[in-house]
Structure formats: C-alpha cells, structure tokens
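Read off the chains here:
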Amino acid sequence: MRIAIYPGSFDPITNGHLDILNRATHLFDKVIIAVLSNPIKNCFFGVEERLELIKATTAEMPKVEVDSFDGLTVVYAVKQNASILIRGLRALSDFEHELQMAQANKSINPNIETIFLMCSLEYAYLSSSLVREISFLGGDISDVVPKCVNEYISKLREKRFTNDYK
Ligand code: ADP
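Predicted, not measured: the structure shown is a model, and the values here were computed from it.

What about the site of the ligand?
Taken together, 17 residues surround the ligand, and among them Y6, S9, F10, K41 and G88 come closest. A distance of 2.8 Å is found between an oxygen atom of the ligand and a side-chain nitrogen or oxygen belonging to Y6. For the ligand, a nitrogen atom lies 3.2 Å from a polar atom in the side chain of R90. Expressed as a share of its isolated accessible area of 550 Å², the protein-covered part of the ligand is 89%. Within the residue set of the shell around the ligand, elements represented by two or more residues are β1 (3–8), α1 (15–25), β4 (84–89) and α4 (92–108). Broken down by class, the residue content of the shell around the ligand amounts to seven nonpolar, five polar and five charged.

Rendered as structure tokens:
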C-alpha cells in the first residue's frame, strides 16, 4: 500500500490544495492530508477549525484521511507508514523554500521522498492568505474555496460586521 502525506497549514483549505490532493489520490493508495499544528507558525484559524473544514471538504474522497500533527513531518510520516510527502508548487517563489524543505527532510530521513505536483493554471495565484484577505474585505471567494469554507468565512464576516455596528 503506497501511502503519501500531504502536509501543510491549510489556513483555510482552498481549491488549489484540493486540486493537488485530488491528483495525489490518483497516484497513491491513501493520502493523509495532515494539518501542521505548529505554535511557532501564526495561523488565523485554529487547528480544530481547519480540520473540520478539511473533513467536510473531503468527506466523499475514500482514499483521503485527515489528521493533524506536530513536530517533524518526516517523523510523522514514518509513524503513518508513509514514504512520500506531497507538496504543491506554484510560482518560482515557492521553489526555493520547497527545495530547502525537501533537502532538509531528506537529510533527516533519506527514505522519505518529497514529490511535487505543479499547480493547475487556474489556481496558480491562489493562497490561503489571499483568500482570507479578499473575503474579509468583502470579496467573493466562492469560486476558489470549497463550499463549506465559503459558508464558514461568510458567517465569521457577518458576525464581525454585526459586532462592529452593535
Ligand atoms: P505551508 O505553510 O506548509 O506552506 P500551505 O497550506 O500554505 O502550507 O500549503 C500547503 C501546500 O500546498 C504547499 O506545498 C503549497 O505550495 C501548496 N499549495 C498552496 N496553495 C496552492 C495552490 N493554489 N495550488 C497548488 N498548490 C498549492
């Protein structure tokens, strides 16, 4: 059984992430989408919120498991019997950081391979931070995030708007 880990912040999950995840399921028997719960990294959404949104998004994807982890990704991968890490590549700007991460992971555990999938053209510009920014400034994100994420953020926005004008 070929198991791959797709690690990331997913703050929140976008259609760009989903595209990579979906394509990875065609290559592996099981893909674990794993939310990094790292106190050093300042995320907007809590781990539980991010997990719930991913679970709702991937409910109909039988090869996908959802989990969270802390510590080293390669250590987590070994615990899950996975030998592959999946990462998505967008612009050239992703490359340097991703190369460094892949090489660092390789030096910690040479048995774990990182595989990069190129982003699809329509999501090349898309990031979680951009989605949050557009949405909280009142823009429409329904085309670039799963339905449950759009609904969740819309509710948060309404709440904030109501509180601001109470
Ligand atoms: P991290 O903080 O680990 O970079 P992200 O949630 O930002 O977590 O990204 C997780 C992975 O998904 C990364 O490999 C990133 O390059 C990839 N990714 C993010 N957005 C997109 C997108 N629009 N298309 C393809 N891959 C993406």
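Describing the pattern of salt bridges
Counting across every chain of the model gives seven salt bridges. Put simply, R23 and D19 hold a salt bridge, and the shortest N to O gap is 2.9 Å. Pair noted here: R23 and D19 are both in helix α1, with a separation of four residues, about one helical turn. Note that E151 and K147 form a salt bridge whose closest N and O atoms lie 3.4 Å from each other. Taken together, the residues E151 and K147, both in helix α6 (residues 147–164) and four residues apart, mark about one turn of the helix.

Rules of the game
Residues numbered from 1 in each chain as written. Predicted model: local features only at pLDDT ≥ 70, side-chain atom pairs only at ≥ 80, totals over all residues. Heavy atoms only, no water. Near = heavy atom within 4 Å. Polar contact = N/O pair within 3.5 Å; in protein donor to acceptor, adjacent residues only side chain to side chain. Areas by Shrake-Rupley, 256 points an atom, 1.4 Å probe, with all protein chains shown as cover. Helix = DSSP H or I, 4+ residues; strand = E, 2+ residues; numbered from the N terminus. Nonpolar A, V, L, I, M, F, W, Y, C, P; charged D, E, K, R; others polar. Salt bridge = Lys/Arg side-chain N within 4 Å of Asp/Glu carboxyl O.

These values are about where atoms sit, not about what they do.
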